[in-house]
Structures are given as structure tokens and as C-alpha cells.
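A closer look at the structure
Chain by chain, the residues:
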Amino acid sequence: MSFPEHRPRRLRRTEALRRLVRETHLHPSDFVYPLFVSELVDAKSPIESMPGLFNWPVDMVADEARHAFELGIPAVLLFGTPAFKDATGSASLQDDGIVQRAVRAIKESVPKLAVITDVCLCEYTDHGHCGVIADGDVDNDATLEILARQAVSHAQAGADMVAPSDMMDGRVEAIRSALDAADCVNTAIMSYAAKYCSAFYGPFRQAVDSAPQFGDRRGYQMDPPNVREAMREIEQDIDEGADILMVKPALAYLDVIAEARRTYDVLIAAYNVSGEYSMVKAAAAQGLADESRLVLEVLTSIKRAGADIIVSYHAPDVVRWLKDEM
Ligand code: PBG
């Protein structure tokens, strides 16, 4: 049957009909809200590259986390900036390190909120790379042990989940065995399984001062044109024990999310990264488009592509807009 019997516009006539036939819905529980906690600030400090976001001192981050939880967001993802950086990122391993203290503060104040921590070295190394350096290159195997110790330290501080974002080979297995050996069997791993070497991380690197001081991340993060390789990365991380598999960035990689969804029956997360956030903010600030419509359209596309979980700096705004819609 086709036109004139079939008229697709019939079901687009009113908002009630459109809602009735809508195939994809965003919900507050889809979101993880990233939070930046810093030893370099003693007050809420605006992040210039990411309008509307802040670096938080430890004693204020729990209030922001509680705010997110009260809006209906189930989880936060913590990034830390230490006061002290060195070649091996040793500040990331301290029991009183910035992330460890933030986890404790949040868990004490909002125990029901899920707390996820970013596990990586780039915020803690003076050279800005995601691992330790040997002979001018990032040494994969030497980095694994540090990542595993960092993950255990976060878990012991009370993190529900660790999220390794370093892209070293074998890190999920190294982290899983270290967590299990430390009796942290219930700490989950959300692996940045298919993380691409992307220009969309620019605003984030300004926020946490983690740009590499020499070279770039092409030797460990994935080459943007590759999708079959992403499936192998995801499969390897499933085998190594990851609980949730992430694709990052999201917007320029919707095909990767969709392929992962079709190929593997696992939880897929997508990271709506800093460049995606700041691009939308800049367009809205210039009056080029309506911010809430832009954001909802972008995030809906990520969910429609197949993501179960969306990490997004827009999370609190989105949840407010979703409430207004109902
Ligand atoms: C750390 C890390 C990065 C991001 C998340 N974890 C930066 C990078 O890999 O350079 C990017 C997040 C964003 O851009 O929003 N390795």
C-alpha cells in the first residue's frame, strides 16, 4: 500500500500522537554526569573551555553530586587534578589523593549515588601522557601495574565502578585481577573500549591541564577511520572482564555505537565528550540554534544509535528539560 492510502503525516499531527509513536526516549537514568575535582582550587572555579562547568574543591564537590542525584541522575564520573605531577603519576595512587578524597566525601554525603572514577595517568603525569615513558614512548606493560593500583585505591575509597580511559593493551584484565585480589570483587569496570584519538577532547585537556607535552596520543588511542578494529577492542575487553563497554567520542562515532550494539549483547556506554559539549554551547551562545533542542537532538541520536548509558556534561540541564516536557 502506498499513497494516497498510506499517509505517514497522520501520526505527526499532534504532540500527543508524536509522543505515542516515538521510538526513542531519553530518561534521567540514562545519564552519567562527569565532575572535575581539583587540588588547585579552593572555590568553585569556572572552566573557561567548557561554559557552565566548574573545577570543584573536594569540600564542595559532594554538594554538586547531591544536586545531580536529586535531579534523578544515578551516577557521576570523577576526574581529578592533583597539585603535584611527576613522571609516573604517583599522586594518583595516594590514599589521600584528590579522587580518593572526593569519592569518600561524595559517598558520605550521597551514599545512594553511584560513583565512577576515571582511571588514567594523563592528569597526574608531568609529561601529560596516559602512561609511563620509556625510550620516548608510552610503556604499555609498565603502565598496567600503576593503573591497577590506582583502580584498587579508588575502589578502596568506595568507588562503585572504575573507568580506565588510558587505552593500554591488557589493562582491563590487569585491573580486574588486582581488584579481585584486593577483595574488591563488586567494583565494576566500565572500559573505554573504543576510544579514538580525537580533536574533540580539546576543551577537556584545558580543564584538567592534561595535554601531552610532546608528541600525541596516536600510538595508543584508536585511529578515527577504523570500525572493525573497534569491534576487536570491544571483544577483547569483554573477554578481559569489562562490565560496560564504552565508545568515545559519541557524535562523530554513531556508526561505531550502532555496530557495537548489533554485534555484542552487552551494555554499551557512549561519551558525549567535551568538544561536543562546547561546540553546542558556542553555537547556542552565538544565537545560531536553540540550545535545548540541539542538546536533546544530539543525545537522542546517541541513544537511537544504541547506547544504553550516556556520559554527558549536559546531564543536569537535560534532566531539567525532560521534566519540563512532561
Ligand atoms: C583521560 C581522559 C580524556 C577524556 C576522558 N578521559 C582525555 C584524553 O584522552 O585526552 C576526554 C573527555 C572529554 O573530552 O570530555 N585519558
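Here's what I pulled together on the structure shown here. (Residues numbered from 1 in each chain as written. Predicted model: local features only at pLDDT ≥ 70, side-chain atom pairs only at ≥ 80, totals over all residues. Heavy atoms only, no water.)

This part is about the packing of helix α3 (residues 98–109) against helix α4 (residues 140–157). Contact pair α3 / α4: the axes reach a minimum separation of 8 Å and the direction vectors enclose 25°. Taken together, the axis directions place α3 and α4 in an arrangement best described as roughly parallel. Relative to α4, α3 is oriented so that their crossing is right-handed. For the pair α3 and α4, the contacting residues are V99, Q100, V103 and R104 in the first and S153, H154, Q156 and A157 in the second. A per-class count over the contact of α3 with α4 returns three nonpolar, four polar and one charged. (Axes fitted to C-alpha atoms, helices over the stretch in contact; angles between N-to-C directions. Helix = DSSP H or I, 4+ residues; strand = E, 2+ residues; numbered from the N terminus. Parallel < 35°, antiparallel > 145°, perpendicular 65-115°, else oblique. Left-handed = near helix turned anticlockwise from the far one by under 90°. Contact = heavy atoms within 4.5 Å. Nonpolar A, V, L, I, M, F, W, Y, C, P; charged D, E, K, R; others polar.)

Lining the immediate surroundings of the ligand are 18 residues, of which K195, R205, K248, S274 and Y313 lie closest. Here a nitrogen atom of the ligand and a side-chain polar atom of S165 are 3.2 Å apart. Measuring from an oxygen atom of the ligand, one finds a side-chain N or O atom of Q221 at 2.9 Å. Protein contacts shield 100% of the accessible area of the ligand, which totals 400 Å² for the unbound molecule. (Near = heavy atom within 4 Å. Polar contact = N/O pair within 3.5 Å; in protein donor to acceptor, adjacent residues only side chain to side chain. Areas by Shrake-Rupley, 256 points an atom, 1.4 Å probe, with all protein chains shown as cover.)

Below, the discussion takes up helix α5 (residues 171–181). What sets the pattern is the α-helix's 3.6 residues per turn: residues three or four places apart point alike. All of the buried residues in α5 are R171, V172, I175, R176 and L179. Burial along α5 is one-sided: seen end-on, the buried residues are contained in an arc of 130°. Close packing links the buried residues of α5 with β5 (114–119), α4, β8 (161–164), β9 (188–195) and α7 (228–240). (Buried < 20%, exposed > 50% of the residue type's maximum accessible area, 1.4 Å probe, protein only. Arc of directions from axis to C-beta.)

When the charged atoms of two side chains with opposite charge come close together, those side chains can pair. According to the stated counting rule, one finds 17 salt bridges in the structure shown. For the salt bridge of R218 with D216, the shortest nitrogen-to-oxygen distance reads 3.0 Å. What makes R218 exposed here is its relative accessible area of 65%. A relative accessible area of 39% places D216 in the partly exposed class. Here the salt bridges do not stand alone but share partners, grouping K281, E291, D317 and R320 into one network. (Salt bridge = Lys/Arg side-chain N within 4 Å of Asp/Glu carboxyl O.)

Following the criterion strictly, the structure yields nine aromatic pairs and no others. Taken together, a centroid distance of 6.0 Å and an interplanar angle of 10° make the contact between F36 and Y313 stacked. Of this pair, F36 sits in strand β1 (residues 31–38) while Y313 sits in the loop between β12 (309–312) and α11 (315–325), placing them 277 residues apart in sequence. F36 gets classed as buried once you look at its relative accessible area, which sits at 1%. (Phe/Tyr/Trp six-rings, centres within 6.5 Å; stacked < 30°, edge-to-face > 60°.)

Tracing the backbone through its elements, the reader meets S109 in helix α3. The class of S109 is partly exposed, set by a relative accessible area of 28%. As a C-alpha pair, S109 and A242 span 133 residues in sequence and 28 Å in three-dimensional space. Those residues in contact with S109 that lie beyond four places of it in its chain are A62 and R66.

Turning to a positive patch on the surface, a few remarks are in order. Together, R7, R9, R10 and R12 give the surface a local cluster of positive charge. Position of R10 among the secondary structure elements: in the segment before α1 (15–20). The exposure class of R10 is partly exposed, given its relative accessible area of 44%. (Patch = residues over 30% accessible without salt bridge, like charges linked within 9 Å, V, L, I, M, F, W, Y side chains within 5 Å. Lys, Arg positive; Asp, Glu negative; His and termini not counted. Charge placed at Lys NZ, Arg CZ, Asp CG, Glu CD.)

Before going further, it helps to examine a nonpolar patch on the surface. Taken together, L11, L20 and V21 make up a surface patch of nonpolar side chains, about 290 Å² in accessible area. Here V21 shows up in the loop between α1 and β1. A relative accessible area of 39% places V21 in the partly exposed class.

Moving on, we get to the pairing of β1. Burial analysis of β1 places eight of its eight residues in the buried class, which makes it a mostly covered element. Burial along β1 is two-sided: the residues F31, Y33, L35 and V37 and V32, P34, F36 and S38 are all buried. Relative to β12, β1 runs parallel, the two sharing two bridges. Bridging across to β12, F31 finds its partner in I310. With seven bridges joining them, β1 and strand β4 (residues 75–81) adopt parallel strand pairing. If you follow S38 over to β4, its bridge partner there is T81. The pairing of β1 with strand β3 (residues 54–56) spans two bridges and is classified as parallel. Note that in β3 the partner of F36 across the bridge is N55. (Pairing = 2+ DSSP bridges.)

Turning our eyes to something else, we now look at the packing of helix α2 (residues 58–70) against α3. Where α2 meets α3, the axes come as close as 8 Å, and the angle between the chain directions of the two elements is 45°. Judged on the interaxial angle alone, α3 and α2 are oblique. Relative to α3, α2 is oriented so that their crossing is right-handed. Seen from α2, the contacting residues are V58, V61, A62, A65 and R66; seen from α3, they are I98, R101, A102, A105, I106 and S109.

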